[in-house]
Amino acid sequence: MSHTVSNDAHGPSRRTVLTTASATAAALALTGTPALAAPRPKAPRTTAGGAAAAAQAYTWRTAAIGGTGFITGVLFHPAVKGLAYARTDIGGAYRWDDTAQRWTALTDHLGWDDYNLLGVEAIAVDPTQPDRLYLALGAYAQSWAGNGAVLRSTDRGATWSRTDLSVKLGANEDGRGAGERLLVSPLSSDVLFLGTRHNGLLRSADRGATWSAASFPASVNSAGQGITFLVAAGRVVYAGWGDGGSALYRTTDGVNWSAVPGQPSGSAAQVPIRAAYDANTLSLYVTYANTPGPNNQSDGSVRRLNTATGVWTDITPVKPSGGDPFGYGGVTVDARVAGTVIVSTNNRWGPVDTLYRSTDGGASWTSLKDTATLDVRETPYLNWGGTAKFGWWIQAVALDPFDSKHIVFGTGATLYGTRDLVRWAPEIRGLEESAVRQLIAPPAGGAQLLSGLGDIGVMYHDSLTVSPSRGMATNPVFGSATGLAIAALKPTYVARAGWGDQGNGAYSANGGQTWAPFAAQPSIASSAPGPIAVSADGATLLWSFIHWDGTKHPGFRSTDNGASWSEVTTFPKGGTPVADPVDARRFYVYDTDGGAVYRSTDAGATFVRGAGSLPSGDIQFRIAAAPGRTGDLWLSAKWNGLYRSTDGGTSFTKLTSCWGSYALGFGRAASGASYPAIYQTGATENFVGVYRSDDTGGSWTRINDDAHQWGWTGETITGDPRVYGRVYLGTNGRGIQYGDPA
């Protein structure tokens, strides 16, 4: 069972590929990716008062979970021991620190407007110049997305130069687990090639500073895969082609390309996924599938080309069948031992995906899964409430060129590694890719933080520096969390909602340590679970329902821990309920369709309309209730600004201290202050940043910096009620960032 696939049981993944304009706005709002359809005004250059916001130095760290996302590529440098890089579909790129035995993020400097560039389409290293590194960035190739970019570095990613492209790339679309589409030419370190999905082949003659179209014989398809990989075999470059006709091309001079003679055809060799070259035997190994993957592959093969003789050989370990459908994905060779090759299956949900290893050029194979011992103690969530499995979505496989028994492979959630071909454990420390939906910092108890995440449900963080010891919340296990709420006056009571096979809601009486599923749920819950709220005393649950396509449904109420539910006919359909933190009778809902607040004073049984004529039209407009106060509400309306109500939503006043507010939360008050510290992802100048206010929103201090931006951060933020200055920030692919005053 996949934990990163969108379906009715698991709901929209943060990796959902959007193909129509109508689906875009709704699904982007639901998956935590910023909707781009609505225009926004040009940002003013200063605050309304005429001065730029102050700044305070913060120390930023990433809360440890361990991976949680699709590792789409891993690349060892062929000439430097211990130097490796990894790419992800929405979480940027990383460099392996062999001394510290952890990954270092390389793209956290990319900011709000560059969120699309956190998807890494390809990585390239220069075999003769190990300090040079290149990244091809761009998550989406669709019309609403921005163009891609190439980053180039001469210090292994410590600093970057950037070239914006005139084409789009698709690091979070189908085919994202294919090979590296970026390559330093074996004929010249100054020349790079970039294979695109819809725009053919690009070439740079100045180390990636400028790019131009290069001749390539295949016809581009605006809806296709284009070039799926570029691989050097000696001084020859091979290119995979995923849109029909010849699937493999080569050039000997870097200019003229031709189809490789004698190449295989048919369903099992329809799309070339990856290739690896064994210089010791002059063999090029190519994996194929009938679709680009990572989903929907049902056929595939592995072929070996003798580049000296031109002879092709079918060396497929196990042929897919109707009863065992799958494709082939990753491939890597041993630089030290001739004829040793490793390939991976992909999308094999029956027997489960595996790695096949051969030491005789593919004449015979051994399944490494069959003798594998998995140790996931460092990242317990990989048990998924049961027993860890070897992997799924295995398209990135790499063999250390300096250690024949050091193999790593990516899955939909982690990077496994071995040093003896038998014992496998995550080699994921420092690489955090979760898409964060909800964050709660409890005022008391053992948890430092509770988080609701895309794809991997809810976590109880008893520590921020090691992965949650309980793994993901179980009973039931969720895919993506859609709601997480705590009773303000009874913080041991927590409720959650999300996509799952065994129920869509649960409550906890011990602060989220253990859970009990709702004994019943509304019939709509299984196909449209949405946000949930808990009254201040924990006696009332309010559950909203919204389908992944944006269709909104009535809200429901329970006063018996989810044993029974009744429809609230006056509840705005699809709205996000918010409980008053002091008065258990009060709830609030923002109607984003009508731009109005609805209020309840009878524990959510009925709602009446409060303030109106407020911003509308965006499901991500939201309200937050200030802790320890009744009726003190804050409305974040994106580029429409920030509003406050002190009368329970009867009226609102717009603040003039900032022009944009996307997510807002509260933390412990500053020394001598009577009002909680306010944190927001917002804007006081011509960029979106992370801010804190210690004077009830009268002024703002920027607390992140240009090196710590993490793309799009507009989903959730909260302060810590126990530690002044501590803030927790949700990202869309870089996990949970937390900061403290330096």
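Residues numbered from 1 in each chain as written. Predicted model: local features only at pLDDT ≥ 70, side-chain atom pairs only at ≥ 80, totals over all residues. Heavy atoms only, no water.

This next bit is on the nonpolar core. The biggest cluster of nonpolar side chains holds 35 residues, and the ones touching the most others in it are Leu355, Tyr381, Ile407, Phe409, Trp424 and Ile456. Residue assignment for this core shows that the elements contributing at least two residues are β28 (397–399), β29 (407–410), β32 (436–440), β33 (449–453) and β57 (736–741). The next biggest cluster of nonpolar side chains, apart from the first, holds 17 residues, and it includes Tyr85, Leu110, Val120 and Leu135. (Core = buried A, V, L, I, M, F, W, Y, C linked by side-chain atoms within 4.5 Å. Buried < 20%, exposed > 50% of the residue type's maximum accessible area, 1.4 Å probe, protein only. Helix = DSSP H or I, 4+ residues; strand = E, 2+ residues; numbered from the N terminus.)

For the rest of this paragraph, the subject is the environment of Phe193. Among the structural elements, Phe193 can be located in strand β12 (residues 192–195). With 482 residues separating them along the chain, Phe193 and Tyr675 place their C-alpha atoms 56 Å apart.

Okay, the packing of aromatic side chains next. Taken as a whole and assessed by the stated rule, the structure comprises 28 aromatic pairs. Look at Phe70 and Trp393: their rings are 4.8 Å apart centre to centre, the planes differ by 55 degrees, and that puts the pair in the tilted class. Of the two residues, Phe70 is situated in the loop between β2 (58–62) and β3 (71–76) and Trp393 in the loop between β27 (373–374) and β28; the sequence distance between them amounts to 323 residues. Take Phe70 and Trp393: they sit in the same class, and that class is buried. Here the aromatic rings of Trp543 and Trp565 are separated by 5.3 Å at their centres, their planes lie at 55 degrees, and the arrangement is tilted. (Phe/Tyr/Trp six-rings, centres within 6.5 Å; stacked < 30°, edge-to-face > 60°.)

Next up on the list: the sheet that holds strand β52 (residues 677–683). With mixed pairing, five strands are arranged side by side in an open sheet as β1-β54-β53-β52-β51. Lying at the two open borders of the sheet, with one neighbouring strand each, are β1 (54–55) and β51 (660–667). (Pairing = 2+ DSSP bridges.)

Right, let's get into empty space enclosed by the protein. Going through the model one piece at a time under the given rule, you end up with three cavities of 30 Å³ or more. Estimates place the volume of the second largest cavity at around 50 Å³. Surrounding the second largest cavity, Gly111, Trp112, Val688, Gly689, Val690, Asn704, Gln709, Trp710, Gly711 and Thr713 form its lining. For the lining of the second largest cavity, a count of residues per class yields four nonpolar, six polar and no charged. (1 Å grid on protein atoms, 1.4 Å probe; cavity = no way out; pocket = protein on both sides within 12 Å on 5 of 7 lines; lining within 4 Å. Points joined across faces, edges and corners; volume = space filled by probe spheres on them. Nonpolar A, V, L, I, M, F, W, Y, C, P; charged D, E, K, R; others polar.)

Turning our attention to the pattern of salt bridges. Counted by the stated rule, this structure contains 28 salt bridges. Asp706 serves as the salt-bridge partner of Arg702, at 3.3 Å between the closest nitrogen and oxygen. Residue classification places Arg702 among the buried residues on the basis of a relative accessible area of 11%. On the accessibility criterion, Asp706 (53% relative accessible area) is exposed. (Salt bridge = Lys/Arg side-chain N within 4 Å of Asp/Glu carboxyl O.)

A few words on the side chain of Asp278. Looking at where Asp278 falls in the secondary structure, it is placed in strand β19 (residues 271–278). The side chain of Asp278 is buried and forms no salt bridge, while Arg304, the nearest opposite charge, is found at 8.8 Å. A polar side-chain atom of Asp278 sits 2.9 Å from the main-chain amide nitrogen of Asn280. Here Thr281 takes part through its side chain, which lies 3.2 Å from a polar atom of the side chain of Asp278. Asp278 has contacts with Ser283, Tyr285, Val333, Ala338, Gly339 and Thr340, leaving out every residue within four places of it along the chain. (Lys, Arg positive; Asp, Glu negative; His and termini not counted. Polar contact = N/O pair within 3.5 Å; in protein donor to acceptor, adjacent residues only side chain to side chain. Contact = heavy atoms within 4.5 Å.)

On to the confidence of the model for the protein. Averaged over the protein, the pLDDT score is 93; the fraction of residues at 70 or greater is 93%. The element-level mean pLDDT for the protein is lowest in helix α1 (residues 21–31), coming to 34, with strand β56 (residues 727–730) highest at 99. Across residues 1–10 the pLDDT falls below 50, and counting only partners more than four positions away or on other chains, this stretch makes 37 contacts in the model. Under a pLDDT of 50 for its full length, residues 14–50 has, in the predicted model, 103 contacts with residues more than four places off or in other chains. (pLDDT = per-residue confidence, 0-100.)

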